[in-house]
Amino acid sequence: MPKQTVGQAKRLTNGAFHQLAVLAALLSMSRADLVGAGIELSQPLFIIEKSTNANVVHYDAVITPDGDLDSREPIIAYWVMAAEDGRREDLTSAERRKAFGFTIMRGRDANSYHLRLAAQQQRDIYVSRKGNSVRATTLIAGRCGYLTKIHVKMHKLFGLPKIEFIELMGSDIATGESICERVRP
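This is a predicted model, so every value here is computed, not measured.

What counts and how
- Residues numbered from 1 in each chain as written.
- Predicted model: local features only at pLDDT ≥ 70, side-chain atom pairs only at ≥ 80, totals over all residues.
- Heavy atoms only, no water.
- Salt bridge = Lys/Arg side-chain N within 4 Å of Asp/Glu carboxyl O.
- Helix = DSSP H or I, 4+ residues; strand = E, 2+ residues; numbered from the N terminus.
- Buried < 20%, exposed > 50% of the residue type's maximum accessible area, 1.4 Å probe, protein only.
- Contact = heavy atoms within 4.5 Å.
- Polar contact = N/O pair within 3.5 Å; in protein donor to acceptor, adjacent residues only side chain to side chain.
- pLDDT = per-residue confidence, 0-100.
- Pairing = 2+ DSSP bridges.
- Core = buried A, V, L, I, M, F, W, Y, C linked by side-chain atoms within 4.5 Å.

Trainee: Please explain the pattern of salt bridges as it appears in this structure.
Mentor: When charged atoms on two side chains of opposite charge get close, those side chains can pair. If you walk through the whole model with that rule in mind, you get 11 salt bridges. Across the pair Arg 143 and Asp 172 runs a salt bridge, and its minimum N-O distance is 2.8 Å. With a gap of 29 residues between them, Arg 143 in strand β9 (residues 143–157) and Asp 172 in strand β10 (residues 160–172) connect regions that are remote in the sequence.

Trainee: Mind showing me how you'd approach the environment of Glu 164 here?
Mentor: Looking at the element boundaries, Glu 164 is found in strand β10. Among the residues examined, Glu 164 registers a relative accessible area of 28% and is labelled partly exposed. In sequence terms Glu 164 and Met 154 are 10 residues apart; their C-alpha atoms lie 5.3 Å from each other. In contact with Glu 164, not counting residues within four places along its chain, are Lys 153, Met 154, His 155, Arg 184 and Pro 185. Separated by 2.8 Å, the side chains of Glu 164 and His 155 make a polar contact.

Trainee: What is the right way to read the confidence of the model for the protein chain from this model?
Mentor: When pLDDT drops low, the exact placement of atoms in the prediction is not to be read closely. Chain-level statistics for the protein chain give a pLDDT mean of 84 and a share of 78% at 70 or above. The low-confidence segment residues 20–24 (pLDDT under 50) makes zero contacts with residues lying over four places distant or belonging to another chain. The model gives residues 34–38 a pLDDT under 50, and that stretch makes seven contacts with residues more than four places away or in other chains.

Trainee: Help me understand the pairing of strand β11 (residues 178–183), please; the structure alone is not making it clear to me.
Mentor: Side chains on a regular strand alternate between the two faces of the sheet. Here β10 pairs with β11 via six bridges, running antiparallel. Each residue of the ladder has a partner; that of Ser 171, found in β11, is Ser 178. Connecting the antiparallel pair β10 and β11 is a turn made up of five residues, with Gly 176 showing a positive phi of about 80 degrees.

Trainee: Can you help me understand the environment of Tyr 126 in this one?
Mentor: Within the element layout of this structure, Tyr 126 appears in strand β7 (residues 120–130). On a C-alpha basis, the gap between Tyr 126 and Leu 139 in space is 9.9 Å, while along the polypeptide they are 13 residues apart.

Trainee: I'm lost on the nonpolar core in this one. Help?
Mentor: Ranked by size, the top nonpolar core spans 31 residues in total, and within it Phe 46, Ile 48 and Ile 150 carry the most contacts. For this core, the element with the most residues is β9, which contributes four residues. For Ile 150, the residues in contact, after removing those within four places along its chain, are Phe 46, Ile 47, Ile 48, Glu 49, Leu 117, Ile 166, Glu 167 and Leu 168.

Right, here's the structure in full:
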């Protein structure tokens, strides 16, 4: 019995060393090395969560090897199926058209874009790079803020989804204070 315990501890230690070696190798790679290795470079912008389950739509900025927003596809959206097994899943075509998709136009410079969500066409969201970070900004409770989350409170009415309200959450650009706004559809 003692030999088995010692062997198991040794395997765990070797596994931990292997993980550290892989992490060290990734950290030493340049952006170009990561892209060449097929590793996607992206930075989280904001999420949309619904009250009906734990699945969440993520919106990420796609970054080129030189650190700019990718002009071919500057923003991506995808599901994280947290209510199931946590896998990543693409939006369906209906979801892109009616709810979670978006239109995007280039902003004033190469590192800024104007985004409008399919379900919130009246709300302007600006995505821009400042230094090493990319942020989504919009008006939240009448203040210019960094958007981090949109929460959709909904229920079923005669088998169809009905939105009760939407909450926008983020932080005030000037003060860093948390801000939240509840809007009715």
